[in-house]
Structures are given as C-alpha cells and as structure tokens.
Amino acid sequence: MRPQLSAPTIRFPVHPRLVPAVKAARFLHLTLSEFNAALPALRAEHFPSACRITGHYDLVAIEAWQDRRSGLTKPTGTVADTDALIAERLAKLG
C-alpha cells in the first residue's frame, strides 16, 4: 500500500511582479477591454510597455509611473531638461 500524499503547503505567498494585461488592467481599476482601449493614451503618457518576451506588465514600473504622474516622485530627465540645464550652466560661466 502506498503512503497517502498530502497537498504541498505554501510556506510564503508569492507576489508576482510581471502580470498579464488583465491583471495590469485590474491594477488600474479597468476591465481588460477598457485597458486595451485606453492603452494608446496611456502609452502617450509614458505608461510602461509590456515585456517583449512574456507580454506581461511590470507592476513596479506601473507604480513608479503613477507616482511620477501624481507628483510623488520627480520625473526622470528628458533631453529638453538636459539641454536647458546645460544652457543655464553655460550662461553662468559667462
């Protein structure tokens, strides 16, 4: 007689970082169809792209994107910002 095997117990929860579009949509409180419809506008606002390998979205990147949009963190520098900074420093040099 074989010993009866029990289901494995979960030692700790796993919180995935990369999630499919349906979960990224839910993270934004959208349905998948609403997310897909809004995606061009989201991308225009620099919403993170899906992973080219898995097609999944990075929840940490989405949170960072939202933090920048909400003013909780500073936006990353752009070429225009860099050009303005260089011009300002050159002007100070005379």
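Attention here is on the structure that accompanies the text. (Residues numbered from 1 in each chain as written. Predicted model: local features only at pLDDT ≥ 70, side-chain atom pairs only at ≥ 80, totals over all residues. Heavy atoms only, no water.)

On to the pattern of salt bridges. Inspection of the entire model under this criterion finds two salt bridges. Arg-17 is the salt-bridge partner of Asp-58, the closest N and O atoms lying 2.9 Å from each other. Taken together, the positions of Asp-58 in strand E2 (residues 57-58) and Arg-17 in the segment before strand E1 (18-19) put the pair 41 residues apart, joining distant regions of the chain. Given a relative accessible area of 47%, Arg-17 falls into the partly exposed group. (Salt bridge = Lys/Arg side-chain N within 4 Å of Asp/Glu carboxyl O. Helix = DSSP H or I, 4+ residues; strand = E, 2+ residues; numbered from the N terminus. Buried < 20%, exposed > 50% of the residue type's maximum accessible area, 1.4 Å probe, protein only.)

Before going further, it helps to spend a moment on the nonpolar core. Counting residues in hydrophobic clusters, the biggest one holds 11 residues: Val-19, Ala-24, Ala-25, Phe-35, Leu-39, Leu-42, Phe-47, Tyr-57, Leu-59, Ile-62 and Trp-65. Elements represented by at least two residues in this core include exactly helix H1 (21-27), helix H2 (32-44) and helix H3 (59-69). Not counting the four nearest positions on each side in its chain, Phe-35 is found in contact with Ala-21, Ala-24, Ala-25, Leu-28, Leu-30, Leu-42, Phe-47 and Tyr-57. (Core = buried A, V, L, I, M, F, W, Y, C linked by side-chain atoms within 4.5 Å. Contact = heavy atoms within 4.5 Å.)

Take H2 next. An ideal rise of 1.5 Å per residue puts 18 Å on 13 residues; H2 measures up with 18 Å between its terminal C-alpha atoms. All of the buried residues along H2 are Phe-35, Leu-39 and Leu-42. Once H2 ends, the next one or two residues include His-46, with phi positive near 70°. (Expected span 1.5 Å × (residues − 1).)

A few words now on the packing of aromatic side chains. All chains considered together, the criterion is met by four aromatic pairs. Where Phe-35 meets Phe-47, the ring centres are 6.0 Å apart and the plane angle is 70°; that geometry is what we call edge-to-face. Of this pair, Phe-35 sits in helix H2 while Phe-47 sits in the loop between H2 and E2, and the two are 12 residues apart along the sequence. Here Phe-35 falls in the buried class, since its relative accessible area comes to 0%. Judged by its relative accessible area of 0%, Phe-47 is buried. Both rings, one in Phe-47 and one in Trp-65, keep their centres 4.9 Å apart while their planes meet at 85°; by these two values the pair is edge-to-face. Here the residue Phe-47 occupies a position in the loop between H2 and E2, and Trp-65 occupies one in helix H3, the gap between them amounting to 18 residues. Take Trp-65: its relative accessible area is 3%, and that puts it in the buried class. Joined through ring pairs, the aromatic side chains of Phe-35, Phe-47, Tyr-57 and Trp-65 make up one cluster. (Phe/Tyr/Trp six-rings, centres within 6.5 Å; stacked < 30°, edge-to-face > 60°.)

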